[in-house]
Amino acid sequence: MDAAVEEESAPGAPEWLVTFSDLVSLLVTLFIMMLTFTTRETDDLVRVLDVLKGSFGFHDNKDKPELEKQLHESNRVKQGVSSPDLVKPEDRVTTVYELQNDYLTVEDFERGVRIIVDVPNGFAAGGDQPSHELAEEVRRLALGLRANPARRYTVIGHCDPRSDADSHVGSAELLGLSRARRVARIMGLSRIQLDHVRITSRGAREPREAGHTAAEQDRNRRVEILVEMPEGRRAGQEGR
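Small disclaimer: the values here were computed from a predicted structure and weren't measured.

Engineer: Describe the overall build of the protein chain, naming the residues involved and giving the relevant values.
Structural biologist: If you tally the helices and strands in the protein chain, you get 7 helices and 5 strands. Each helix and strand of the protein chain, ordered N terminal to C terminal, gives the series α-α-α-α-β-β-α-β-α-β-α-β. In the protein chain, buried positions account for 37% of the 240 residues. Long-range pairs, those at least 24 residues apart, make up 69% of the contacts in the protein chain between residues at least 6 apart in sequence. As displayed, the protein chain offers around 14800 Å² of accessible surface, 55% of which is attributable to carbon and sulfur atoms.

Engineer: Outline the pairing of strand E1 (residues 104-109), listing residues and values.
Structural biologist: In this sheet, strand E2 (residues 112-117) lies alongside E1 in antiparallel orientation, the contact comprising 6 bridges. Bridging across to E2, Thr105 finds its partner in Ile116. If you look at the hairpin formed by E1 and E2, you'll find 2 residues sitting between the two strands.

Engineer: Before we move on, could you go through a nonpolar patch on the surface and cite the residues and values that matter?
Structural biologist: Among the surface-exposed residues, Trp16, Leu17, Phe20, Val24, Val28 and Ile32 lie close enough to one another that they form a single nonpolar patch of about 590 Å² accessible area. Within the element layout of this structure, Trp16 appears in helix H2 (residues 15-38).

Engineer: Account for helix H5 (residues 132-145), with residues named and values stated.
Structural biologist: Between its first and last C-alpha, H5 extends 20 Å over 14 residues, near the 20 Å set by a 1.5 Å rise per residue. Where H5 is buried, its residues meet E1, E2, strand E3 (152-158), helix H6 (172-189) and strand E5 (223-228).

Engineer: Explain the sheet that holds E3 residue by residue, including any values.
Structural biologist: With mixed pairing, the 5 strands of this open sheet are ordered in space as E1-E2-E5-E3-E4. The strands lining the two open edges of the sheet, one partner per strand, are E1 and strand E4 (197-203). The sheet shows a mean angle of 20° between the axes of neighbouring strands, taken without regard to direction. Judged from the 6 bridges that link them, E3 and E4 form a sheet pairing that is parallel. The partner of Tyr153 across the bridge, within E4, is Val197. Taken strand by strand, H6 contacts E3, E4 and E5, and its axis lies near 150° from that of E4.

Engineer: Which residues make up the environment of Gly126, and what are the values?
Structural biologist: Relative to the assigned elements, Gly126 resides in the loop between E2 and H5. Separated by 46 residues in sequence, Gly126 and Ala172 place their C-alpha atoms 8.8 Å apart. In this view, Gly126 contacts Ser163, Asp164, Ser167, His168, Val169, Leu175 and Arg179; residues no more than four positions away in its chain are not counted.

Engineer: Got a sec to walk through the packing of H5 against H6? Specific residues and values, please.
Structural biologist: With their axes 9 Å apart at the nearest point, H5 and H6 run at an angle of 50° to one another. Here H5 is positioned oblique relative to H6, judged by the angle of their axes. The two elements H5 and H6 cross, and the hand of that crossing is right-handed. Contact residues: H5 offers Ala135, Val138, Arg139 and Ala142, while H6 offers Val183, Ile186 and Met187. A class-by-class count of the residues in the contact of H5 with H6 yields 6 nonpolar, no polar and 1 charged.

The rules behind the values
Residues numbered from 1 in each chain as written. Predicted model: local features only at pLDDT ≥ 70, side-chain atom pairs only at ≥ 80, totals over all residues. Heavy atoms only, no water. Helix = DSSP H or I, 4+ residues; strand = E, 2+ residues; numbered from the N terminus. Buried < 20%, exposed > 50% of the residue type's maximum accessible area, 1.4 Å probe, protein only. Contact = heavy atoms within 4.5 Å. Areas by Shrake-Rupley, 256 points an atom, 1.4 Å probe, with all protein chains shown as cover. Pairing = 2+ DSSP bridges. Patch = residues over 30% accessible without salt bridge, like charges linked within 9 Å, V, L, I, M, F, W, Y side chains within 5 Å. Salt bridge = Lys/Arg side-chain N within 4 Å of Asp/Glu carboxyl O. Expected span 1.5 Å × (residues − 1). Axes fitted to C-alpha atoms, helices over the stretch in contact; angles between N-to-C directions. Parallel < 35°, antiparallel > 145°, perpendicular 65-115°, else oblique. Left-handed = near helix turned anticlockwise from the far one by under 90°. Nonpolar A, V, L, I, M, F, W, Y, C, P; charged D, E, K, R; others polar.

By themselves, these are just geometric observations and shouldn't be taken as functional.
Set out below in structure tokens:
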């Protein structure tokens, strides 16, 4: 009888053991993948959790400013100008000059600073619609300016005496005003308070170049933004 049972037994491990081994192997693989994916952003997650816990009073807030600064710098590197600005407004008051680049020139004037937005092909001849490049530069500028709610702005539209002579918008004064209005709208969409923004036009009265070449005419078709200082601050202090 025992001999018959031994002859009927299949060689090797039982079938259930093979299935169980495969299942354990798959689970181990899954856990390794989960561990790999969840540890890539550990540092950022720890900083965010520390800031949140400090906001709700779950731990001492003495390290919170440094944590916010670290998180802000990390976001700037990863996401550029669209990153959340966690630095307090009073810490960002003096940053206008830091916004200068190849397309933005910052100059002092009696009540604050003048920002000349000089993006190539910013406006088409006779047109008031900002190019994509100009809109992006104005958006980047507004993101840097909005941290100080005490600032007041004047957006000035300029025209070229030659290339803007036959505009569908109307006279050079109206064309400059329409250009300023469209730029102010971009600033508003970037969370600059529109009741702090005034628009005006210089028409073709203040060209930057003689306008004999296409490149010179392009530079004349521009906007300038006056950033007025908060009361009690002297010109030249903004951004220094």
